[in-house]
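Below are the chains, spelled out letter by letter.
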Amino acid sequence: ALPFKISRFLTKFTVYKHEAKLIESSDEILSAPGGVNIGPYKDWTYLWRLYYALNVGKKTAIYSISFGPLPSNKLFKKRSTWVLKNVNFLSLRDKKSQTFAVDLGLNHIPSIDTTFLDQNDYKSLTKALNLPDKYIVITPNELDRWHHQYKNFSHEKIKDVYINIINSFIEMQI
């Protein structure tokens, strides 16, 4: 409840002051892409930024996120639903999120999921991208910064895991 009930205080006297000024000075707000911050990760700061942007009248777009299922926390669920219903543009990258959106009556459009491509005709994709018949797509990211299961891992450990994966593929000469 804290970020929403004392939003005015947060924007004047805390670390949120800088973020609030940044939001207020922007013409439009674009959040892209995102994980399930509005959902299992229950990211209050992420939600507060979007909520604040809408409350100060900024055109706000959320592009290519995943969301849901919404947590059982009533305040988080209520504010998440309000934000998702009131953004000016919402695109969702996976079928599961799109199903949640339909269930909530959200106006949204599907977008591409660069990690889990929902495409059956991969031959046309490889041709369009001029890829060989055999290829591998790796989408590394900083899991230690955002994923709750990897927050205890060091950045170097995550990097080493990615390097080992890439080296395995190189050794296999796919």
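My aim in this report is to walk through the structure given alongside it, one point at a time. Predicted model only: the values in this text are computed from it and were never measured.

## Looking at a nonpolar patch on the surface
Then, number 1: On the surface, a cluster of nonpolar side chains totalling about 460 Å² of accessible area is made up of Ile-136, Ile-138, Val-161, Ile-165, Ile-166 and Ile-170.
Then, number 2: Structurally, Ile-136 can be placed in the loop between α7 (122-128) and α8 (143-146).
Then, number 3: Among the residues examined, Ile-136 registers a relative accessible area of 36% and is labelled partly exposed.

## With respect to the packing of helix α4 (residues 44-55) against helix α5 (residues 74-86)
Then, number 1: Contact pair α4 / α5: the axes reach a minimum separation of 10 Å and the direction vectors enclose 45°. Between α4 and α5, the crossing angle belongs to the class labelled oblique. In this structure, α4 meets α5 at a crossing whose hand is left-handed. Here α4 contributes Trp-44, Leu-47, Leu-50, Tyr-51, Leu-54 and Asn-55 to the contact with α5, which in turn contributes Leu-75, Phe-76, Arg-79, Ser-80, Trp-82, Val-83 and Asn-86.
Then, number 2: Broken down by class, the residue content of the contact of α4 with α5 amounts to nine nonpolar, three polar and one charged.

## Concerning the nonpolar core
Then, number 1: Counting residues in hydrophobic clusters, the biggest one holds 18 residues, and the most contacted among them are Ile-38, Ile-62, Ile-65, Phe-67, Val-83, Leu-84 and Leu-90.
Then, number 2: Of all the secondary-structure elements, those providing two or more residues to this core are α4, β2 (59-65), α5 and β3 (89-92).
Then, number 3: With five residues, α4 is the largest single contributor of residues to this core.
Then, number 4: In this structure Ile-62 touches Ser-31, Tyr-46, Leu-50, Val-83, Leu-84, Val-87, Phe-89, Leu-90 and Ser-91, once residues within four positions along its chain are discounted.
Then, number 5: Ile-23, Ile-29, Trp-48 and Tyr-52 belong to the second largest nonpolar core, which has seven residues in total.

## Describing unusual backbone geometry
Then, number 1: Here Gly-68 and Pro-69 are connected by a cis peptide whose omega angle stands at -5°.
Then, number 2: You can see Pro-69 is positioned in the loop between β2 and α5.
Then, number 3: Residues other than glycine seldom take positive phi values, yet Ser-64 does so here, at roughly 55°.
Then, number 4: As for its position among the elements, Ser-64 is in strand β2.
Then, number 5: The class for Ser-64 is buried, based on a relative accessible area of 4%.

## Things to note about the packing of helix α3 (residues 16-25) against α4
Then, number 1: Between α3 and α4, the least distance of the axes is 10 Å, while the angle of their chain directions is 40°. By the angle between their axes, α3 is oblique relative to α4. Considering only the axes of α3 and α4, their crossing is right-handed. Two secondary-structure elements touch here, α3 through Tyr-16, Glu-19, Ala-20, Ile-23 and Glu-24 and α4 through Thr-45, Trp-48, Arg-49, Tyr-52 and Ala-53.
Then, number 2: When the residues that make up the contact of α3 with α4 are grouped by side-chain class, the tally is six nonpolar, one polar and three charged.

## Looking at the sheet that holds β3
Then, number 1: Pairing in this open sheet of four strands is parallel, and the strands run β1-β2-β3-β4 from one edge to the other. Edge positions in the sheet fall to β1 (28-31) and β4 (109-110), since each has one partner strand and no second.
Then, number 2: Here four bridges tie β1 to β2, and the two strands are oriented parallel to one another. If you follow Ile-29 over to β2, its bridge partner there is Thr-60.

Conventions and cut-offs
Residues numbered from 1 in each chain as written. Predicted model: local features only at pLDDT ≥ 70, side-chain atom pairs only at ≥ 80, totals over all residues. Heavy atoms only, no water. Patch = residues over 30% accessible without salt bridge, like charges linked within 9 Å, V, L, I, M, F, W, Y side chains within 5 Å. Areas by Shrake-Rupley, 256 points an atom, 1.4 Å probe, with all protein chains shown as cover. Salt bridge = Lys/Arg side-chain N within 4 Å of Asp/Glu carboxyl O. Helix = DSSP H or I, 4+ residues; strand = E, 2+ residues; numbered from the N terminus. Buried < 20%, exposed > 50% of the residue type's maximum accessible area, 1.4 Å probe, protein only. Axes fitted to C-alpha atoms, helices over the stretch in contact; angles between N-to-C directions. Parallel < 35°, antiparallel > 145°, perpendicular 65-115°, else oblique. Left-handed = near helix turned anticlockwise from the far one by under 90°. Contact = heavy atoms within 4.5 Å. Nonpolar A, V, L, I, M, F, W, Y, C, P; charged D, E, K, R; others polar. Core = buried A, V, L, I, M, F, W, Y, C linked by side-chain atoms within 4.5 Å. Pairing = 2+ DSSP bridges.

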